[in-house]
Amino acid sequence: MEVVQATVAFLKNYDYICDSKPIVDIYYHTINTVQYLFRYVYSIIIMFLVCPLAAHAYSFIDDNEELLRSLDSMVNDNSRFMRAKEMRIDAIKDRMARSNSDTERYGELKKLYDEYYTFDSDSAIHYAREALDLSERMGLPHGRAEWGTRMAYVYAACGLFPEALNVVSGIDGASLPKGLRADYYDTMSYLYSHYSLYLSDDRAMADEYAAKSNLYKDSLGMVIGEQSPQWLAHVVSKMGVDTPLDMLRQLEARVNESRIDSRRDAMDAYQVAKTHEMQARPSEYLKYMVYSSMADVRSVNRDIASLQELAMFLYNHGDITRAYAYINYCLDQAHYYHNRIRMVNISALQDEVRSAYLDQLREKDRMVRTSLVVVSVLAVILLGLIAFMVRQYRTLRRNREQLASVNRELNERVEQLHAAHRDLSEAHDEQTRLNENLNAANAKLQESNAVKEEYIGYAFNLSTDYINDLDDLRKKLLRKVKTRQFGELADMLESDSLVQGEMQRFYKSFDETFIRIFPNFLDEYNADQEPDDRIELKDGELLNTRLRIWALHRLGITESARIAKMLRCSIQTVYNNRPKRKRG
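All values reported here derive from a predicted model rather than from experimental measurement.

**A few points about the overall build of the protein**
Along its length, the protein carries 24 helices and zero strands. A separation threshold of at least 6 residues defines the contact pool for the protein, and within that pool the share at least 24 residues apart is 66%. For the protein, the exposed surface amounts to about 35100 Å²; the carbon and sulfur share of it is 54%.

This is how it looks when you write it as structure tokens:
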């Protein structure tokens, strides 16, 4: 009855509940509209800010974005490489101050030059002159040629070409030892190559110096062998656009396996990049130009042509922000290196990049201002929508409170129904248990009746057989007495064969009767035992002593003395074979 009343109450309120649905729809429709509006505005803002940058985006820049970010980090945090460089220089100076011989001092001067010649041109020239003076005092045969060559490299790197030609004048490269001859040819090729670029306005002189650079490069190739670290890069440089891909891959492998932290690594990576550029592979060009720049930054090489070229490449392909950062770094390094010509060249490039960078910033600022106006207008619209939503929300909240009251009442009715259902379920479970117990009792009663009926017949047959056997024995004994066969009579009375025979007949009769009543008795017994205690009967055997003891227990005969008397065995035998159950 209560369930019916709850259902009626719910149906009475259904019309009211349905009436609130349009308000809910309006509320959620308003929220969805605001969310859509925000997504639309966000997309417009992103389009305004990103499109000017993406207009010049190239896939090969995206392919190398991770490498470029690593280079950005190195350029921004280059002071840690500077500190390591200065610590190495201070350590060399300290050892040189404590040197005890000209030989030790000369060795430390070489190390100082190696640290300075791409780091500080003035210091490199200073220590090169000091080493030259010391080599002359020590009487070294090729001191002037060695240090003149080294000073010429620094002068050429700074754009001081007359000074460079002056310090190598009078040096006969062909008479120098193989290692020093290679350095001389390499420096002269470098000197004339840069001199030809400097004289670009005088085409005839520039071509003459470029030809001289190539002659010295050819001479270098004849001096160095395949075991030299320079050889592979030299061959690739010489072949240029005609370089076989497998040879270029060998040089790539050397770069990839290196630590990318030395000038040699920078030169190898630069040569790989230039070859890829000539063979029209921009993504590979960019990758190895970044590697070259990384090696220059890590080794604090201030004669940093690779990063300058990389900056212009990125500028020409739309990455103006990164190009501006790189060109500023190159200008700083040229200033610290005291490279006057490179400073002039980079300053001109920097002005061009800075102008584009400022234009980009102004465009971004315009887009941000436009976006702020759009956002402001939308904010006003949003405030109006919020006011509308607040009013609708209040109405919806009142409707929800009334709906909640109806739901609470309905829940109480449902809970009462659940309680009634639980009580009915418990009563059903109790009835099921009673039925199961009654069925079990009926089964036991039926089994008991079957046992009684079987064993009444069994007892009757056994008694009749026993009476007939006694009568046969009486007649047999009477004949023996009448014929006065007292000896045989005595033998019969002394022998227990008769008793044993009767016991075997009793066992067989008992076994057959019991198995007929309980045909699965052996399986039930074994299922209730541990594996070691299970019984396997011999052929023709129905029960053995243990099973007969268990059978009597099954029939309700549990007294050991009674069982021993019935089976004509000792009480100990009965005890040893008493029923035991499986553990667990």
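**Thoughts on the confidence of the model for the protein**
Confidence along the protein averages 82 in pLDDT terms, with 82% of residues attaining 70 or more. Predicted confidence is poor over residues 48-56, with pLDDT under 50, and the contacts of this stretch with residues over four places away or in other chains come to 14 contacts.

**Quick word on the nonpolar core**
Of all hydrophobic cores here, the largest spans 100 residues; its most connected members are Leu 71, Val 154, Leu 307, Leu 310, Leu 314 and Tyr 326. Grouped together as the second largest cluster of nonpolar side chains are 21 residues, Ile 517, Phe 521, Leu 547 and Val 574 included.

**Remarks on unusual backbone geometry**
Within the chain, Ile 260 stands out as a residue other than glycine whose phi angle is a positive 55°. With respect to the secondary-structure elements, Ile 260 resides in the loop between helix 13 (245-257) and helix 14 (263-278). Even without a glycine there, the phi angle at Ala 280 is positive, about 60°. Residue position: Ala 280 is located in the loop between helix 14 and helix 15 (282-298). On the basis of relative accessible area, Ala 280 is assigned to the exposed category, the value being 61%.

**With respect to the side chain of Glu 108**
Within the secondary structure, Glu 108 is located in helix 6 (residues 102-116). Those residues in contact with Glu 108 that lie beyond four places of it in its chain are Ile 92, Arg 95 and Met 96.

**Points about a nonpolar patch on the surface**
On the surface, a cluster of nonpolar side chains totalling about 260 Å² of accessible area is made up of Val 373, Val 377 and Ile 381. Relative to the helices and strands, Val 377 is located in helix 18 (residues 340-482).

**Concerning the pattern of salt bridges**
A side chain with one charge can pair with a side chain of the opposite charge if their charged atoms come near. Evaluation of the coordinates by the stated rule reveals 26 salt bridges. Measuring nitrogen to oxygen at the nearest pair gives 2.9 Å for the salt bridge that ties Asp 72 to Arg 322. In this pair, Asp 72 sits in helix 4 (residues 65-76) while Arg 322 sits in helix 17 (residues 320-337), placing the two residues 250 residues apart along the sequence. Residue class for Arg 322 comes out buried when judged on its relative accessible area of 10%. Through salt bridges with shared partners, a single ionic network connects Glu 65, Arg 69, Asp 72, Asp 319 and Arg 322.

**Some thoughts on helix 17**
The end-to-end C-alpha separation of helix 17 is 25 Å, in line with the 26 Å expected for 18 residues at 1.5 Å each. Regarding helix 17, the residues found buried are Ile 320, Arg 322, Ala 323, Tyr 324, Tyr 326, Ile 327, Tyr 329, Cys 330, Leu 331, Gln 333, Ala 334 and Tyr 337. His 338 occupies a position one or two residues after helix 17 and carries a positive phi of about 65°.

**With respect to helix 13**
Residues lying three or four places apart along an α-helix face the same way, a consequence of the helix completing one turn every 3.6 residues. With 13 residues, helix 13 should cover 18 Å at 1.5 Å per step; its first-to-last C-alpha distance of 18 Å lies within 8% of that length. All of the buried residues along helix 13 are Met 247, Leu 248, Leu 251, Glu 252 and Val 255. Projected down its long axis, helix 13 shows its buried positions confined to an angular sector of 145°, all on one face. Exposed positions of helix 13 whose direction lies more than 90 degrees from the buried face are Asp 246 and Glu 257.

**As for the side chain of Asp 511**
Residue position: Asp 511 is located in helix 20 (residues 497-517). In this structure the side chain of Asp 511 is engaged in a polar contact, spanning 2.9 Å, whose partner is the side chain of Arg 548. Leaving out residues up to four positions away in the same chain, Asp 511 has contacts with Leu 542, Leu 543 and Arg 548.

Definitions and limits used
- Residues numbered from 1 in each chain as written.
- Predicted model: local features only at pLDDT ≥ 70, side-chain atom pairs only at ≥ 80, totals over all residues.
- Heavy atoms only, no water.
- Helix = DSSP H or I, 4+ residues; strand = E, 2+ residues; numbered from the N terminus.
- Contact = heavy atoms within 4.5 Å.
- Areas by Shrake-Rupley, 256 points an atom, 1.4 Å probe, with all protein chains shown as cover.
- pLDDT = per-residue confidence, 0-100.
- Core = buried A, V, L, I, M, F, W, Y, C linked by side-chain atoms within 4.5 Å.
- Buried < 20%, exposed > 50% of the residue type's maximum accessible area, 1.4 Å probe, protein only.
- Patch = residues over 30% accessible without salt bridge, like charges linked within 9 Å, V, L, I, M, F, W, Y side chains within 5 Å.
- Salt bridge = Lys/Arg side-chain N within 4 Å of Asp/Glu carboxyl O.
- Expected span 1.5 Å × (residues − 1).
- Arc of directions from axis to C-beta.
- Polar contact = N/O pair within 3.5 Å; in protein donor to acceptor, adjacent residues only side chain to side chain.

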